[in-house]
Protein chains: 2
Amino acid sequence: MAVVTNLSLKRSTPDVNALDKLTVLVADDLKACNALIIDRMQSPVELIPQLAGYIVAAGGKRLRPVLTLASARLCRYGGDRHQGLAACVEFIHTATLLHDDVVDESDLRRGLASANAVFGNKASVLVGDFLFSRAFELMVEDGSLDVLRILSHASAVIAEGEVLQLTTSNDTGTSEQAYLDVIRSKTAELFAAACQIGAVVADRPSVEEDALFAYGLNLGIAFQLVDDVLDYSALQARLGKTVGDDFREGKITLPVILAYRRGSDEERVFWNRALEEMEQGDGDLDKAIGLMNQHGALRDTVERARHYGAIARDALGIFPDSEEKTALLDVIDFVIDREF
Amino acid sequence: MAVVTNLSLKRSTPDVNALDKLTVLVADDLKACNALIIDRMQSPVELIPQLAGYIVAAGGKRLRPVLTLASARLCRYGGDRHQGLAACVEFIHTATLLHDDVVDESDLRRGLASANAVFGNKASVLVGDFLFSRAFELMVEDGSLDVLRILSHASAVIAEGEVLQLTTSNDTGTSEQAYLDVIRSKTAELFAAACQIGAVVADRPSVEEDALFAYGLNLGIAFQLVDDVLDYSALQARLGKTVGDDFREGKITLPVILAYRRGSDEERVFWNRALEEMEQGDGDLDKAIGLMNQHGALRDTVERARHYGAIARDALGIFPDSEEKTALLDVIDFVIDREF
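In short, a report on the structure. What you are looking at is a predicted structure, and each value in this text was computed from that prediction instead of being measured.

Among the nonpolar cores identified, the biggest contains 243 residues, and Y215 and W271 of chain A together with Y215 and W271 of chain B are the most heavily contacted of them. Apart from the residues within four sequence positions on either side, W271 of chain A is in contact with T172, F247, V256, A259, Y260, E276, A288, L291 and M292 of chain A.

This is the structure we're talking about:
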């Protein structure tokens, strides 16, 4: 029996179209949301729309605003406020991306030169601040104190998560719980808020708000767990994406935590040298991936993601069947089984 | 007739106690505001209160929150909401200081090691984000959409001003108008908002809101003009404060703009070398100060500040006489004639 597990063999065939399907379902709303995003990133200070346009055009899946739009539709909301609020969510996300890349000293984002690499760290910090402020201006225009409460709290939690991540960086002794606290704050809280405000604009009872919050939170945890697996994925490399960013930055993600705790003393010497002392040589990334596979660390991180996915699935149980519900449920599998 | 002007001879004796007097007038409110600041910078992520506490304790005059408190009192406000809103203003100010120091690569703030020098740029960016989010959480608790509108707009304008400043950096061709646009956005807008919300909590008519906004805006412009003079002030050096930060960073402030435009071709070669090409040697700062004095650039920057101070003074004309009004008017002179 082979100890080395081929990750892709253990994973079910991904429904690669689940996010696309959800996106098509809210296509008109998303078009309006995108138009708002372009419109509200304008400024007489030219560098602002240049830099903001660069990162917004760089793409991404618009996952978070799509979640807001679909959640509102799931709640049978018939107005158009969710379009502006989805733009707020994307602005907050974009602002955190800009600041993240400065903090991580990243040169690449989604395979393209990062905004800080092109425009410099200074502009990235300040345009992040601008987009963040603009998000709050948009929320104020919407006028819901509930939405403002949810998204201002989410923003504070995200920042807390980022600071916490900074303090666990290069610490191979980081516990699974500490890691979970980080990803719950830095990633999952915005997913949760994005979904929750769908129920808020639709003026639904708090049990539905809570259900969408729980769906988003657990989906977000699963999303980040899989993201952290993909950073060590060979397929990712074949798709031309970067692999090993977390390793090179000394980030302690769950695949590392599991491999470290399941490893021998000799292996821990390797992990400590590479991720604490940051002495990395050729072949170290391959060795790390080898150890992760040997100990089932990547496979089991995906299994952990499946656990949170199951909670997300049950959270939506209280909603009657609908196209949106089916699509939101399918997105859970997409997030877990995606290979990019 | 000497062309060289000793700056201090041309300036009236400063009423060094005007800000202290204003502060004493709102002492109880400020105490409550400070308690809120300490309370609301707490987080289970220890680095956050450590870093935030460092910069908050590092002092500063609490000028902006004092303006909010005094403006509310000027409007005969009898509640305690202005205490929390003053804390919001200080949080926004502190967040921008943290990001400023990262952007400026400053090692010192108010003569002490800057937060980024002690805790690193990464933590400064993220704790700035946290304080900014916390400010909005506090505003949401207060519940006034008007205040949220004013402070979210001010935050966006501040970020715009900072980006604009970035694009004028190292450009000796920067016009006085472009410089004014920068300081109006990056500094004066928050002074204006801080004062305006005093009228908002007191539920005063818009003419009083506008008057306090205008007072704050013009006071803020005067404040920044004098700040930019003090960065070249010999007295500042004698008080143990740093001098020449702007020069070393290649910032184009009004004293530079005036000296450059009034200077000879030969002098412009000097300014271009020092501030555009950033080739600075020993004695260059002294030479710069000498040229500024020779051309009356520091003196006339203070005169420009006096112009804005006069507008600030007239803005308060619609308010009946009161202790607060007198103190707010005296603060204008303090801001202009201060030597630190």
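A few words on unusual backbone geometry. With a phi angle near 60 degrees, D203 of chain A is a residue other than glycine that sits in the positive phi range. Checked against the element boundaries, D203 of chain A lands in the loop between α10 (176-201) and α11 (206-230). Exposure remark for D203 of chain A: the relative accessible area of 69% places this residue in the exposed category. Notably, N170 of chain B is not glycine yet its phi reads approximately 65 degrees, a positive angle. Locating N170 of chain B in the fold gives a position in the loop between α9 (145-168) and α10 (176-201).

Attention shifts here to the relation of the copies chain B and chain A. Once chain B is rotated about the relating axis by 180 degrees and shifted along it by 0.0 Å, it coincides with chain A to within an RMSD of 0.0 Å. Both copies are brought into coincidence by an operation consistent with a two-fold rotation axis.

This brings us to the packing of aromatic side chains. Describing an aromatic ring pair means giving the distance of the ring centres and the angle of the ring planes. In the structure shown here, the tally under the stated rule is 10 aromatic pairs over all chains. Their ring planes at 45 degrees and their centres at 5.5 Å tell us that F132 of chain A and F132 of chain B sit as a pair that is tilted. Of this pair, F132 of chain A sits in helix α8 (residues 121-142) while F132 of chain B sits in helix α8 (residues 121-142), on two different chains. Like F132 of chain B, F132 of chain A is buried. Measuring from centroid to centroid gives 5.6 Å for Y54 of chain B and F119 of chain B, while their planes differ by 75 degrees, and the two rings are edge-to-face. With a gap of 65 residues between them, Y54 of chain B in helix α4 (residues 47-57) and F119 of chain B in helix α7 (residues 115-119) connect regions that are remote in the sequence. Given the relative accessible area of 26%, Y54 of chain B is considered partly exposed. An aromatic cluster is defined as three or more aromatic residues linked by ring pairs; in this entry it consists of F132 and F136 of chain A together with F132 and F136 of chain B. Over the face of the ring belonging to Y260 of chain A we find R268 of chain A, whose NZ or CZ atom lies 5.4 Å from the ring centre. Positioned above the aromatic ring of F223 of chain B, the side-chain terminus of R338 of chain B is 4.2 Å from the ring centre.

What counts, and at which threshold
- Residues numbered from 1 in each chain as written.
- Chains lettered and ligands numbered in written order.
- Predicted model: local features only at pLDDT ≥ 70, side-chain atom pairs only at ≥ 80, totals over all residues.
- Heavy atoms only, no water.
- Core = buried A, V, L, I, M, F, W, Y, C linked by side-chain atoms within 4.5 Å.
- Buried < 20%, exposed > 50% of the residue type's maximum accessible area, 1.4 Å probe, protein only.
- Contact = heavy atoms within 4.5 Å.
- Helix = DSSP H or I, 4+ residues; strand = E, 2+ residues; numbered from the N terminus.
- Least-squares fit on C-alpha atoms with pLDDT ≥ 70 in both.
- Phe/Tyr/Trp six-rings, centres within 6.5 Å; stacked < 30°, edge-to-face > 60°.
- Lys NZ or Arg CZ within 6 Å of the ring centre and 35° of its normal.

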